[in-house]
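# Structural overview for review
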There are 2 protein chains.
Amino acid sequence: MLYLSYSSCGSLISKVGEFLKEIEGILSSECLKELALDDIKGELSRLAPYLKVIFSRWVPEIIYALYLKRRLSFNEMKKAFGISSRVLTDKLRLLEEYGLVKKEVDTSTRPIRVYYELTNSGKEVGLALIPLLTILKGKVKSI
Amino acid sequence: MLYLSYSSCGSLISKVGEFLKEIEGILSSECLKELALDDIKGELSRLAPYLKVIFSRWVPEIIYALYLKRRLSFNEMKKAFGISSRVLTDKLRLLEEYGLVKKEVDTSTRPIRVYYELTNSGKEVGLALIPLLTILKGKVKSI
DNA sequence: CTGAATCCTTTATGATACTG
DNA sequence: CAGTATCATAAAGGATTCAG
């Protein structure tokens, strides 16, 4: 069961399950009935810039890894994901622009090292990613 | 406040907040310490096929809308998202393959209409998407 | 209305080489 | 090590047309 790493946090999966059941209750009971498709559309188009960033290649991986490891260097991520440095740079710059990631340069070494970590805002996103990834992991197992 | 549609379900936002705080506790207390980057990488590569599907353009929108509206026709989605029919077809086929969406053909009308809804598996994903989108909405407001 | 078929454009990503 | 620059390619998406 090691491969599922954080699911060895036994309480997590059941907690996610409980939670999703709760919000399902809220969503279905109160306010879904009169929701127009246009409202949904409007909502989503406001989110579009964020969706474009978050739901793009490597970004969930980066956020997730940073969330769990707290702090990673450029090279650690590059090797871990097998991503080219150009693309990794692009993504990190984008995440910085959106205030989700912050960069710290350690000039005391030679060559210098650059570390990245999530901002508070980025941590929120990382956290909100957990339920989704947890659900998806359940699906992978069942294939 | 209407533009945030389901956030008029007042209790949802606070519930998401509570929950995220709870799992944050679980994640930080128990099992993060010894988690290796390689484990994270392994986990993510198992998820890769799902990540590729879920985290691709239009898919979050489709799942979210289907989750909230329960049932939409091909044309409703096409118009709502302003997506071309080729791409919409592609995405729906993919989601069907992954068992997240099911299709129902109503042949009693002329021309026929085709409706899509989430499978149970798809509903889980839709539900798990809510915390993430809720967090992102908070960020959009604050810009 | 629901697509399948085509074609075409854009974007995203990969590979490689190079610099401070 | 952490990028930047460049080139090449693949993948994704859009527009249009057409048929059952």
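The structure contained in this document is the topic of the report that follows. Residues take numbers from 1 onward in each chain, read along the sequence in its written order. Here every chain gets a letter starting at A, and every ligand a number starting at 1, in the order they are written. In view of the model being predicted, local features appear only for residues whose pLDDT reaches at least 70, and side-chain atom pairs are presented and counted only at 80 or more, with totals across whole chains, interfaces and linings using the full set of residues. Only hydrogens and water are set aside; all other atoms, that is, all heavy atoms of the structure, feed into the side-chain values.

The linkage connecting Arg110 of chain A with the following residue, Pro111 of chain A, adopts the cis geometry, with an omega of -5°. Strands are runs of DSSP state E lasting at least 2 residues, helices are runs of H or I lasting at least 4, and numbering of each runs from the N terminus. Within the secondary structure layout, Pro111 of chain A lies in the loop between strand S2 (101–106) and strand S3 (113–118). A positive phi angle, near 80°, is found at Trp58 of chain A, a position not held by glycine. Even without being glycine, Arg70 of chain B reaches a positive phi, approximately 75°. Within the element layout of this structure, Arg70 of chain B appears in the loop between helix H3 (59–69) and strand S1 (72–73).

For the rest of this paragraph, the subject is the protein's contact with DNA strand C. Around DNA strand C there are 18 residues in total, and Arg57, Arg86 and Lys91 of chain A together with Asn75 and Tyr116 of chain B lie nearest to it. Note on definitions. A residue lies near a molecule or strand when any single heavy atom of the residue is within 4 Å of it. Backbone atoms, meaning sugar and phosphate, form 66% of the atoms of DNA strand C found within 4 Å of the protein. Between a base oxygen of DNA strand C and a side-chain N or O atom of Arg86 of chain B, the distance comes to 3.4 Å. Contact distances for DNA strand C include 3.4 Å between a phosphate oxygen and a backbone N or O atom of Val114 of chain B. Elements that contribute at least two residues to the surface near DNA strand C include exactly helix H5 (85–97) of chain A together with helix H4 (74–81), helix H5 (85–97) and strand S3 (113–118) of chain B. It is H5 of chain B that provides the largest number of residues to the surface near DNA strand C, a total of four residues. As used in this structure description, the phrase polar contact means that two N or O atoms lie within 3.5 Å; if the pair is within protein, one of them must be able to donate a hydrogen and the other to accept it, and residues adjacent in sequence are counted only when both atoms belong to side chains.

Let's shift gears to the pairing of S3 of chain A. All names here are of chain A. Note on exposure labels: buried denotes an accessible area under 20% of the residue type's maximum, exposed denotes more than 50%, and partly exposed covers the range between, all computed with a 1.4 Å probe on protein chains only. S3 sits mainly inside the fold: five of its six residues count as buried. The criterion for strand pairing is that DSSP finds at least two bridges linking the strands in question. Where strand S1 (residues 72–73) and S3 come together, two bridges link them in antiparallel fashion. The partner of Leu72 across the bridge, within S3, is Tyr116. Of the pairings in the sheet, the one linking S2 to S3 comprises six bridges and is antiparallel in character. Within the sheet, the bridge partner assigned to Lys102 lies in S3 and is Glu117. Between S2 and S3, which follow one another and run antiparallel, lie six residues.

Before going further, it helps to examine the relation of the copies chain A and chain B. The least-squares superposition of copies is restricted to C-alpha atoms, and to residues with a pLDDT of at least 70 in both copies. Once chain A is rotated about the relating axis by 180° and shifted along it by 0.0 Å, it coincides with chain B to within an RMSD of 0.1 Å. Such a combination of turn and shift is consistent with a two-fold rotation axis. When each C-alpha of chain A is compared by its distance to the rotation axis, Phe55 of chain A comes out closest, at 2.3 Å. Here, two residues are considered to be in contact whenever any of their heavy atoms come within 4.5 Å of each other. The share of interface residues of chain A whose copies in chain B are also at the interface is 100%, consistent with both copies meeting through the same surface.

Taken in spatial order, the three strands make up an open sheet running S1-S3-S2 (chain B), and their pairing is antiparallel. The outermost strands of the open sheet, each flanked by one partner alone, are S1 and strand S2 (101–106) of chain B.

In this complex, chain A contributes 65 residues to the contact, which on the side of chain B involves 65 residues. Summed over both sides, the interface of chain A with chain B buries roughly 6,600 Å², with 77% coming from carbon and sulfur. When a carboxyl oxygen of Asp or Glu is within 4 Å of a side-chain nitrogen of Lys or Arg, the pair counts as a salt bridge. At the boundary of chain A with chain B, the tally comes to six salt bridges. Across the salt bridge formed by Glu124 of chain B and Lys139 of chain A, the nearest N and O atoms sit 3.3 Å from each other. Applying the counting criterion to the chain A and chain B interface returns 12 residue pairs in polar contact (both at pLDDT 80 or more). Gly counts as polar in this scheme, as do all residues outside two lists: the nonpolar Ala, Val, Leu, Ile, Met, Phe, Trp, Tyr, Cys and Pro, and the charged Asp, Glu, Lys and Arg. Across the side of chain A that touches chain B, the residue classes break down as 44 nonpolar, five polar and 16 charged. What gets called buried area is simply the loss in accessible area from a 1.4 Å probe that two parts show on being joined, summed for both.

Another aspect to go through is the pattern of salt bridges. Counting across every chain of the model gives 16 salt bridges over all chains. The partner of Lys137 of chain B in a salt bridge is Glu43 of chain A, and the shortest N-O contact between them spans 2.4 Å. Residue Lys137 of chain B is located in helix H6 (residues 120–141), and its partner Glu43 of chain A is located in helix H2 (residues 37–54); the two belong to separate chains. Here Lys137 of chain B matches Glu43 of chain A in class, with each residue buried. The closest approach of N and O atoms between Arg93 of chain A and Glu96 of chain A, which form a salt bridge, is 3.1 Å. Separated by three residues within a single helix, Arg93 of chain A and Glu96 of chain A lie in helix H5, roughly one turn from each other.

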